[in-house]
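One letter stands for each residue in the lines below.
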Amino acid sequence: IGLIGPQAQQYMHDVTPGVGTVGYLPLLEWVRGHIAEQHAPPYQGWECCVCTGNADGFQRAWEALLDPGDTLLVCELDFSFSTSQLAAWVGGRSLRLEPLPVGPEGVDAAALRALLDGWAWRRLGVRPPKALFTIPSFHNPTTASASLAALRAVYAACAAHGVVIIEDDPYRM
């Protein structure tokens, strides 16, 4: 998060100079307090923003993280309205989507690790992915939900290669 935090924050403030697009400030403060109390992020410097829905939130994340020509990892099976709307945005930004196999617990962590470990020779001339978009709980259309062990395996593969994980995960307890 330390690598993308300032870039994401700068993006939010560049959209509306002097005001930003972080949302209604009293609501933002409540959301920060709720996240700190209920989820206790295990690191310093985390941040959040208030948005008008998941498509707006994910577009903000993609715009903050991805540059023209970058690769975004996605599940090979995905009916999320976020990724269906991503197609036009990807084409307009010359982005590349790399589909990942999905198993009973969502993203196949072993396949992800193999892909990332061998990226240089599997995808000659293609920049390594910067981000993974996934739905780890009640995945649509597979209904897969990742266990803590599966989440940790995906995280370990991504962390080893500097890939940021963007989750659509409103149902995880």
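Check the entry above for the structure.
Residues numbered from 1 in each chain as written. Predicted model: local features only at pLDDT ≥ 70, side-chain atom pairs only at ≥ 80, totals over all residues. Heavy atoms only, no water.

A. Broad picture of the side chain of Asp70. Topologically, Asp70 is positioned in the loop between helix H3 (54–65) and strand S1 (71–75). Separated by 3.0 Å, the side chains of Asp70 and Arg127 make a polar contact. When neighbours within four sequence positions are excluded, Asp70 is seen to be in contact with Leu65, Ser94, Leu95, Arg96, Arg127 and Lys130. (Helix = DSSP H or I, 4+ residues; strand = E, 2+ residues; numbered from the N terminus. Polar contact = N/O pair within 3.5 Å; in protein donor to acceptor, adjacent residues only side chain to side chain. Contact = heavy atoms within 4.5 Å.)

B. Main features of the pattern of salt bridges. Per the counting criterion, the structure on display carries 6 salt bridges. Here Arg32 makes a salt bridge to Glu29, at a shortest N to O gap of 2.4 Å. Separated by 3 residues within a single helix, Arg32 and Glu29 lie in helix H2 (residues 25–39), roughly one turn from each other. By relative accessible area, which is 46% here, Glu29 ends up partly exposed. In this structure, Asp70 and Lys130 form a salt bridge, with 2.9 Å as the shortest nitrogen-oxygen distance. With a gap of 60 residues between them, Asp70 in the loop between H3 and S1 and Lys130 in the loop between helix H6 (119–122) and strand S5 (131–134) connect regions that are remote in the sequence. Note on Asp70: relative accessible area 2%, which makes it buried. Connected via shared salt-bridge partners are Asp67, Asp70, Arg127 and Lys130. (Salt bridge = Lys/Arg side-chain N within 4 Å of Asp/Glu carboxyl O. Buried < 20%, exposed > 50% of the residue type's maximum accessible area, 1.4 Å probe, protein only.)

C. Structural context of the sheet that holds S1. With parallel pairing, the 4 strands of this open sheet are ordered in space as S2-S1-S5-S6. Of all the strands in the sheet, the pair left with one neighbour each is strand S2 (96–100) and strand S6 (164–167). In this sheet, neighbouring strand axes are inclined to one another by 25° on average, regardless of whether the strands run parallel or antiparallel. The pairing of S1 with S2 spans 5 bridges and is parallel. Residue Thr71 lies in a different strand from S2, and its bridge partner there is Arg96. Contacts from helix H7 (residues 148–160) reach S5 and S6, with the element oriented near 140° to S6. (Pairing = 2+ DSSP bridges. Axes fitted to C-alpha atoms, helices over the stretch in contact; angles between N-to-C directions.)

D. Representation of the nonpolar core. Residues Leu73, Leu100, Leu112, Leu132 and Val154 are the most contacted members of the largest nonpolar core, which totals 15 residues. Mapped onto this core, the elements with two or more residues apiece are S1, helix H5 (109–117) and H7. Top contributing element to this core by residue count: H5, with 4 residues. In contact with Val154, not counting residues within four places along its chain, are Val107, Ala109, Leu112, Leu132 and Ile165. If you look at the next biggest cluster of nonpolar residues, it comprises 11 residues, including Trp62, Leu95, Phe133 and Ile166. (Core = buried A, V, L, I, M, F, W, Y, C linked by side-chain atoms within 4.5 Å.)

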